[in-house]
Amino acid sequence: MPVLLLVGAGHAHLYVVKRAGELAAAGYRVYLLAPRFFDYSGVASATAAGALASDAGQIDVRALAGVSGVEFHEGTLESLDPEARIAVTSDGDHLSYDVLSINIGSVVAPAGMHVDPVVLRVKPLSGLADLDARLRASGQQGATVTVVGGGASGLELAAHLSVRSDVVQVRLVEAGTLIGADLPEGARKRIVRLLAARGVAVHTGCVVRDLGERQLVCDDDTEISHDVALLAVGLTAPPLLVELGLGDGRGVPVRATLQHVDRDDIYAVGDCARFLPGPLPRIGVHGVRQGPVLLRSLLMRVRGEPLPVYEPQRRALSILDLGDGAGLAVWGPRWWYGAGPLRLKRYIDRRWLRTYRE
Ligand SMILES: Cc1cc2nc3c(=O)[nH]c(=O)nc-3n(C[C@H](O)[C@H](O)[C@H](O)COP(=O)(O)OP(=O)(O)OC[C@H]3O[C@@H](n4cnc5c(N)ncnc54)[C@H](O)[C@@H]3O)c2cc1C
């Protein structure tokens, strides 16, 4: 009976766990090694900023595994012996496997920047859990917040925080010349106008050298002070993968079949994978779409059939939650700003979350 060990309860693994009955019917024993709760990024900015309840994006992974007949080990992966096929958990347990799949997400990568440990990081999402408490701790005078990184998550957080009554000033600091550089030009300008109207001070061309508890320093010696700082620069694969010898900062190198480039018994999916046929942005949609491919692959390999490949779609709908009821939907060069996109986002997010909560 082949043993399948799923490490991490990211989007693709949640899909596989939910349908683990099919794997059991094909002869697998399925184990899941993961923290008890999964935090959904689609609502992360809203929960972190207090616009939604703190548990609005949480999935109880242990409960899902329980109803799906998957043996759950609460914890994280610490080390791996790929030759002996043994994974060691944070509790020191040794788990043997025949097939391993890794879906452990990503972390914020502040290359070349010194960052004080108290600074909040947007990934892993658990790093945002303290934001609300930190803001409240600033007392009656209100907090000054610096968000470093003008990409999607930095924009969402800056926009959300700018409408909080206990935040007196939001500063958005970006190394490049533009914020929202990946957005269509019109959408980018719309967000710039929104942030200006909400009093957000945008500092572009500021390459942060040192991000401290109360102050940041840029390469040109500009200093910006704050009560709370949030690091929202680009995402990279967890350093653990290098320690395991499975990949580098770009992730676990996988073929189109989602299998490790050199090891047929190891799969990697989502943000922690480096898709060799072509680079994929670190967005949840790839993890979601890789779930069905991974499940089919696991079923087909026990039948000795050719394995399916992941074919990323060229475009994905992305919707930013900009706080105060506003959203911005982007589909290729098209975009739509207003209450409608946010309603659509909430509908999509609720439907997805419901699948794994029932
Ligand atoms: C603020 C913010 C908002 C975002 N909003 C969106 C959005 O609206 N839409 C979108 O498409 N993308 C969004 N993203 C990007 C999105 O978060 C990622 O692309 C997505 O979460 C990746 O999914 P994943 O399944 O690879 O990993 P994750 O969703 O990160 O899941 C990985 C899981 O593995 C667990 N884990 C970590 N290390 C270990 C270990 N050693 N052992 C076991 N388990 C481990 C983690 O606890 C986590 O539960 C956002 C990102 C941020 C930071």
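Residues numbered from 1 in each chain as written. Predicted model: local features only at pLDDT ≥ 70, side-chain atom pairs only at ≥ 80, totals over all residues. Heavy atoms only, no water.

**A closer look at the overall build of the protein**
Cut-off, in case you're wondering: Segments assigned H or I by DSSP are reported as helices when at least four residues long, segments assigned E as strands when at least two residues long, and all are numbered from the N terminus. Just to be clear, the radius of gyration here is over C-alpha atoms, and the globule rule we use is 2.2 Å times residues to the power 0.38. Should any heavy atoms of two residues lie within 4.5 Å, those residues are considered in contact. To measure how exposed things are, a 1.4 Å probe is used in the Shrake-Rupley method; for residues, cover is taken only from the protein chains shown. In this tally, Lys and Arg are treated as positive and Asp and Glu as negative; His is ignored, and so are the chain termini. A single reference atom marks each charge: NZ on Lys, CZ on Arg, CG on Asp, CD on Glu.
The helix and strand inventory of the protein stands at 10 helices and 26 strands. For 358 residues, the compact-globule formula gives about 21 Å, and the C-alpha radius of gyration of the protein, at 21 Å, lands near that figure. For the C-alpha atoms alone, the extent of the protein along its principal axes is close to 60 × 40 × 35 Å. Across the protein, contacts joining residues at least 24 apart in sequence account for 64% of those joining residues at least 6 apart. Total accessible area computed for the protein in this model is approximately 16000 Å², and 50% of it derives from carbon and sulfur atoms. Both charge centroids of the protein, one from 38 positive and one from 39 negative side chains, sit 9 Å from each other.

**Structural notes on the environment of Gly 332**
Using the following cut-off: Type-normalised accessible area, obtained with a 1.4 Å probe on protein chains alone, sets the label of each residue: buried when under 20%, exposed when over 50%, and partly exposed for intermediate values.
Mapped onto the elements, Gly 332 comes out in the loop between strand 25 (327-331) and strand 26 (334-338). A relative accessible area of 28% places Gly 332 in the partly exposed class. Those residues within four positions of Gly 332 in sequence are excluded, and the remaining contacts are Pro 184 and Arg 315.

**Digging into the layout of surface pockets**
Our working definition: Every definition here rests on a 1 Å grid over the protein atoms only: cavities are sets of points where a 1.4 Å probe fits but cannot get out, pockets are open sets enclosed by protein on both sides within 12 Å along at least five of seven lines, and lining residues have some atom within 4 Å of a point. Grid points are joined across faces, edges and corners, and a volume is the space filled by probe spheres set on the points. Residue type decides the class: Asp, Glu, Lys and Arg count as charged, Ala, Val, Leu, Ile, Met, Phe, Trp, Tyr, Cys and Pro as nonpolar, and the leftover types, Gly among them, as polar. Where each domain begins and ends is defined by an automated method or by a domain database.
When its volume is computed, the second largest pocket comes out at roughly 290 Å³. Taken together, 14 residues line the second largest pocket, and the ones lying closest to its centre are Asp 39, Thr 47, Ser 54, Leu 125 and Ala 129. In terms of residue count, the dominant contributor to the lining of the second largest pocket is helix 3 (residues 44-48) (3 residues). A breakdown of the residues in the lining of the second largest pocket according to their chemical character gives 7 nonpolar, 5 polar and 2 charged. Here the lining of the second largest pocket spans two domains, and each of domain 1 (3-106 + 237-302) and domain 2 (108-234) adds at least three residues to it.

**Thoughts on helix 7 (residues 185-197)**
Our working rule: Helices are assigned an expected span. That span is 1.5 Å times one less than the residue count. An arc is given here, and it is the one of the directions from the helix axis to the C-beta atoms.
Along its 13 residues, helix 7 runs 18 Å from first to last C-alpha, staying within 8% of the 18 Å computed at 1.5 Å per residue. Those residues of helix 7 lying buried are Ala 187, Arg 188, Arg 190, Ile 191, Leu 194 and Leu 195. End-on, the buried residues of helix 7 take up no more than an arc of 160 degrees, which puts them together on one face. Away from its buried face, by an angle of more than 90 degrees, helix 7 presents the exposed residues Arg 193, Ala 196 and Ala 197. Of the surrounding secondary structure, the elements contacted by the buried residues of helix 7 are helix 6 (152-161), strand 14 (167-173), strand 15 (201-203), strand 24 (318-321), strand 25 and strand 26.

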